[in-house]
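# What the coordinates show
Residue-level listing of the chains:
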2 protein chains.
Amino acid sequence: MSRIVEPKILAGFMELLPEKQMMMNELMETIRKNFETFGFAPLDTPIIELSEVLLAKAGGETEKQIYQFNKGDTDLSLRFDLTVPLARYVAQHQNDLTFPFKRYQIGKVYRGERPQKGRFREFYQCDIDIIGRDKLNIMHDAEIPSVIYNILTQLGMKDFTISISNRQILKGFFEELGLEEKSTDILRGVDKIAKIGKENVKADLLSLEIPADKAEKILDFITIDGTNAKVIQNLESLGIQNESFQTGLTELKDVIHGMEQLEIPEKNYKIDLSIARGLDYYTGTIYETTLNQHKEIGSICSGGRYENLASYYTDAKLPGVGISIGLTRLFDQFQNRGFFKENGQRTPAEVLVLPMDENMDLAFRYASKLRAEKIPTEVFMEKAKFSKKMAYANKVGTPIVAIIGEDERATNSVVLKDMKKGEQQTLPFADAVSFAVKFHAKQSDNRPKLIDMQKPLSPSKD
Amino acid sequence: MSRIVEPKILAGFMELLPEKQMMMNELMETIRKNFETFGFAPLDTPIIELSEVLLAKAGGETEKQIYQFNKGDTDLSLRFDLTVPLARYVAQHQNDLTFPFKRYQIGKVYRGERPQKGRFREFYQCDIDIIGRDKLNIMHDAEIPSVIYNILTQLGMKDFTISISNRQILKGFFEELGLEEKSTDILRGVDKIAKIGKENVKADLLSLEIPADKAEKILDFITIDGTNAKVIQNLESLGIQNESFQTGLTELKDVIHGMEQLEIPEKNYKIDLSIARGLDYYTGTIYETTLNQHKEIGSICSGGRYENLASYYTDAKLPGVGISIGLTRLFDQFQNRGFFKENGQRTPAEVLVLPMDENMDLAFRYASKLRAEKIPTEVFMEKAKFSKKMAYANKVGTPIVAIIGEDERATNSVVLKDMKKGEQQTLPFADAVSFAVKFHAKQSDNRPKLIDMQKPLSPSKD
């Protein structure tokens, strides 16, 4: 072979070494398990769809980013989110599904954006949605923040805020000001307040030809602050009677009450009337989630309530509520900030069996017993000096090394070394199995949290 | 909205309803867990790669099936297997990896085949490979069948055979007959014996201008039968001395010995000299796995040993051994034959909380407690008659239903109904939590196997 092709991947695509991949998988697994704990059923849709179906609704910026191509005579596109495939799926299979339909999907989506630091062209989204037929009880909106809370705390995060609002409240407020026609533009400006500050939002509002006194009122409104009870009291005291406002306020109160019953600590959520999620898509409750010490990351988990999921595919009315986590970007951001606790393991194996010579008999029997107990176990089989074998053990970072040589074979025993403590002991075969079983159980019970944001930060690379 | 686009997906793409998707996920999870139990580290490579990199080696039939397209000026392709990306990955990251490098990858691959029953254009492959640098001990080849054995038995299969051979043995045998130049063509013919029968293979061999006596010898050789010990004895007694044959035989003996130490029951594996895996790729051990009562499915898990993984990307010599499971096809075949035990569940939830009225307080508190115990729990929140609520419970198939009404709220208790047994009891809140915890633990311990091939077959749709 003379021609060597340089092995490389495309810019904007994430690929990890084993140590990092294992952390990524743990992150994903924590999300997945929580989705299932809340009763969401798994869904897996094709990555390639017919362009006429996938792009029924798309337009503008989104469409430009699509990976679209022909195979034979067929016009194909790669999915760019998990919401459009969900809409298509629910419309297509509505007679076979049970409503409310609760599904989660974790999968890769594709957007051919200009590559830049922190932006990916292939990235995982983790979505949950609850879809009703004709209607969907507002209390579902209270469960969504409980999912977010459980995921983040199980990962090891504490200092985060789930911001919650309701678009009907803002809509009603704009109506009250006689600005309903400008509400989309106002929302777009208001949504930026955390990024650009109050003064710049005010300038934006004035540029929309909103009178200064009304601009002030809008700013006062979206910055209403205090405990959730206080904010609600404040909203009630405004005396706005139109239907949008009243509906939104009632919904928000119900949702906040539900969140209390679900025992989400109040320090982790907050009514914030300035969040608007930019999109026209959402019609009721909206969510954003930020890390209090790292607001620069932006929202790590957002979503909301929408009136109709699949109007492009069916006449059935399908209201829903959901959230999405941009997992690839999140992993990248956390990694750049050194949030992950690294344990130095490059393998899922907890036990590495090191035979001293080339006889694998006892090593294989021991490994086989541990695997039958579901203990991840690797056998090192290469011919090498013992020092080289130990160097391998140190590199892959298994917590336990089992050494087996001629003596051990003669006595049917195993030398077990705890690599962290540096302790070593020789145990009869059966005891060596029990030792590993106990060690494994302890590992599973005392699994350290994946994320530790308290430790000294490595310099951010953003 | 007046224009409705018909919601549909492309032919050759699999999409499942929740009940089936949960079975697919369980199948995948069993495979994944076993891969990790054997110490394979996870890998996730991009689905889109540069065509010049991905297709460095491809040609002929494969290339025609590739989804290849341009985005801007870049020529892109979707991966068509997980082996080429592995080769690229190992070559690219060789200085950061520890060898032997054991990785698994479970992911979708794409082949634009003509769609036909049982063929998919998007399908999951589940691969494991062990890659050495310069060399890789033969005993790794003994561990691979242990992975297959563990996966299949954990899924509930018993009556299967892992066929094992070594290409050096066949190569040496053909050398002995003076037919080494025709060995690739012969292998191609020989590999079909299970499908087309002895007589047709003989005709094929004669059409290659192989003398009739040698064709007979080949047929006798590849149909050598008996216990593994007998087959090895038989091979030794042939007195063939060339290096290929001797190397292959020694390797095969080592591998069989290792498989014994790994405690794979002998009824589940068998030396079979007729398997050849068609490809030039494999150079030593080869594996195929068939269901004894369903040979028509073909091999459900195949692979082997190769001399050099990544010669197109690096001068480093990277020998390896691995197997691949075509998961999507396997699921489809099993499903068509009714092999899956269906439990009627359309949700991961084990407990469905049914509030009698619109007050969710106690329902939410109970659900929250169960979720803290990692018990998948759903709350039904829609306004409906009680009979409709129970109809929903029956449809989604949760084993436990927790009913909460005014009385329960007044007494802080929960009515629990075991849907299978039809038994119902009212328990104080704390006891209702304990009940669910115990039920969940029992469910996890006594999880029925996914597959039951003994039950009456539903008519095959193939």
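Every value quoted in this text rests on a predicted model; they were computed, and no experiment measured them.

We now examine the sheet that holds strand β16 (residues 423–428) of chain B. All names here are of chain B. One open sheet holds the 5 strands; their spatial order is β13-β12-β14-β15-β16, and the pairing between them is mixed. With partners counted over all chains shown, the strands left at the sheet margins are β13 (377–379) and β16, one partner each. Each strand axis lies, on average, 25° off the axis of its neighbour in the sheet, ignoring direction. Bridge count for strand β15 (residues 413–418) against β16 is 6 bridges, and the pairing is antiparallel. Paired with valine 414 across the bridge in β16 is leucine 427. Along the sheet face, helix α14 (residues 361–372) touches β12 (351–355), β13, β14 (400–404) and β15 and points at about 165° away from the line of β13. Of the strands in this sheet, β12, β13, β14 and β15 touch helix α15 (residues 386–396), which is tilted by about 170° from β12.

Reports of interface size often rely on the accessible area that becomes lost once the parts have come together. Between chain A and chain B, the contact holds 108 residues from the first and 108 residues from the second. The junction of chain A with chain B conceals about 9,300 Å² of combined surface from both sides, 57% of it contributed by carbon and sulfur atoms. Along the contact surface separating chain A from chain B lie 8 salt bridges. Two residues, B:Asp44 and A:Lys108, come together in a salt bridge whose shortest N-O distance is 3.0 Å. At the boundary of chain A with chain B, the tally comes to 46 residue pairs in polar contact (both at pLDDT 80 or more). It is helix α1 (residues 18–37) of chain A that contributes the most residues to the side of chain A that touches chain B, 8 residues altogether. Across the side of chain A that touches chain B, the residue classes tally to 54 nonpolar, 22 polar and 32 charged.

The next subject is unusual backbone geometry. Leaving glycine aside, a negative phi is the common case for residues, and trans is the common case for peptide bonds. A cis amide bond links A:Phe99 to the next residue, A:Pro100, at an omega of 0°. With a phi close to 65°, B:Glu263 is a non-glycine residue in the positive phi region. Following the sequence through the fold, B:Glu263 ends up in the loop between α12 (243–261) and β8 (269–271). Looking at B:Glu263, the relative accessible area reads 37%, which means it is partly exposed. Phi at B:Asn412 is positive, roughly 50°, even though this residue is not glycine. By the element assignment, B:Asn412 lies in the loop between α16 (406–411) and β15. Under the relative-accessibility criterion, B:Asn412 is labelled partly exposed at 36%.

Our focus in this paragraph is the side chain of B:Gln168. Tracing the backbone shows B:Gln168 in helix α6 (residues 167–176). Leaving out residues up to four positions away in the same chain, B:Gln168 has contacts with B:Ser244, B:Phe245, B:Gly248 and B:Thr283.

Attention now moves to the relation of the copies chain A and chain B. Expressed as a screw transformation, the operator carrying chain A onto chain B has a rotation angle of 180° and an axial translation of 0.0 Å, and the superposed copies differ by an RMSD of 0.0 Å. Both chain copies can therefore be described as sitting about a two-fold axis. Looking at the rotation axis and the C-alpha trace of chain A, the residue lying nearest is A:Phe69, at 3.1 Å.

So, about the packing of aromatic side chains. Under the counting rule described, the total for this entry stands at 29 aromatic pairs over all chains. A network of ring pairs unites the aromatic residues A:Tyr67, A:Phe69, A:Tyr110, B:Tyr67, B:Phe69 and B:Tyr110 as a single cluster. Across the ring face of A:Phe40, the terminal group of A:Lys102 is positioned such that the distance to the ring centre comes to 4.7 Å. Here the basic side chain of B:Lys71 rests over the ring of A:Tyr67, its NZ or CZ set 5.2 Å away from the ring centre.

All names here are of chain B. Along the chain, glycine 298 falls in the loop between β9 (285–291) and β10 (302–306). On the basis of relative accessibility, which here comes to 21%, the residue glycine 298 falls in the partly exposed class. A C-alpha to C-alpha distance of 8.9 Å links glycine 298 and lysine 195, two positions 103 residues apart in sequence.

What follows covers the environment of B:Arg111. Residues and elements named next belong to chain B. The residue arginine 111 is located in the loop between β5 (101–110) and β6 (122–131) in this model. If sequence neighbours within four positions are ignored, arginine 111 has contacts with Gln65, Tyr67, Phe80, Asp81, Phe120, Arg121, Phe123 and Gln125. Polar side-chain contacts of arginine 111 include one of 2.9 Å to the backbone oxygen of phenylalanine 80.

Let us look at the sheet that holds strand β10 (residues 302–306) of chain A. All names here are of chain A. Pairing is mixed in the open sheet, where 8 strands are placed in the order β1-β5-β6-β11-β10-β9-β7-β8. Where the open sheet ends on each side, the last strands, each with one partner, are β1 (41–42) and β8 (269–271). Taken strand by strand, helix α12 (residues 243–261) contacts β7 (160–166), β8 and β9 (285–291), and its axis lies near 150° from that of β7.

Moving on, we come to the pattern of salt bridges. Scanning the model with the defined rule gives 46 salt bridges over all chains in all. Two residues, B:Arg447 and B:Glu26, come together in a salt bridge whose shortest N-O distance is 3.5 Å. With B:Arg447 in the segment after α17 (429–445) and B:Glu26 in helix α1 (residues 18–37), this pair connects stretches of sequence that are 421 residues apart. A network of salt bridges, in which partner residues are shared, links A:Glu15, B:Glu49 and B:Arg88.

Low-confidence regions, as indicated by low pLDDT, have predicted coordinates that should not be scrutinised in detail. Residues and elements named next belong to chain A. For chain A, the average pLDDT comes to 93, and 97% of its residues sit at 70 or higher. The low-confidence segment residues 457–462 (pLDDT under 50) makes 14 contacts with residues lying over four places distant or belonging to another chain. For this predicted complex, the interface score ipTM comes out at 0.95, while the overall pTM is 0.95.

It is worth spelling out the side chain of B:Glu49 at this point. Its location among the elements puts B:Glu49 in strand β2 (residues 48–50). For B:Glu49, the side chain forms a polar contact with the side chain of B:Arg88, separated by 2.8 Å. Excluding residues that lie within four positions of it along the chain, B:Glu49 makes contacts with A:Lys8, A:Ile9, A:Leu10, B:Leu54, B:Asp75, B:Leu76, B:Ser77, B:Pro85 and B:Arg88.

Our next topic: the pairing of β10(B). Residues and elements named next belong to chain B. Most of β10 sits inside the fold, with 5 of its 5 residues counted as buried. By the bridge criterion, 2 bridges tie β9 to β10 in an arrangement that is antiparallel. Bridge assignment links isoleucine 286 to a residue of β10, and that residue is glycine 304. Two elements, β10 and strand β11 (residues 320–326), share 5 bridges in a ladder whose sense is antiparallel. Pairing of glycine 303 across the sheet is with isoleucine 323, part of β11.

Next up on the list: the packing of α1(B) against helix α13 (residues 327–336) of chain B. All names here are of chain B. One can describe the packing of α1 onto α13 by two numbers: an axis separation of 11 Å at closest approach and a directional angle of 125°. By the angle between their directions, the pair α1 and α13 is classed as oblique. Crossing angle aside, the handedness with which α1 passes α13 is right-handed. Along the contact surface, α1 presents Lys20, Met23, Met24, Leu27, Met28 and Ile31, while α13 presents Leu327, Thr328, Phe331 and Gln335.

The rules behind each value
Residues numbered from 1 in each chain as written. Chains lettered and ligands numbered in written order. Predicted model: local features only at pLDDT ≥ 70, side-chain atom pairs only at ≥ 80, totals over all residues. Heavy atoms only, no water. Pairing = 2+ DSSP bridges. Helix = DSSP H or I, 4+ residues; strand = E, 2+ residues; numbered from the N terminus. Axes fitted to C-alpha atoms, helices over the stretch in contact; angles between N-to-C directions. Contact = heavy atoms within 4.5 Å. Buried area = accessible area lost by both parts, 1.4 Å probe. Salt bridge = Lys/Arg side-chain N within 4 Å of Asp/Glu carboxyl O. Polar contact = N/O pair within 3.5 Å; in protein donor to acceptor, adjacent residues only side chain to side chain. Nonpolar A, V, L, I, M, F, W, Y, C, P; charged D, E, K, R; others polar. Buried < 20%, exposed > 50% of the residue type's maximum accessible area, 1.4 Å probe, protein only. Least-squares fit on C-alpha atoms with pLDDT ≥ 70 in both. Phe/Tyr/Trp six-rings, centres within 6.5 Å; stacked < 30°, edge-to-face > 60°. Lys NZ or Arg CZ within 6 Å of the ring centre and 35° of its normal. pLDDT = per-residue confidence, 0-100. Parallel < 35°, antiparallel > 145°, perpendicular 65-115°, else oblique. Left-handed = near helix turned anticlockwise from the far one by under 90°.

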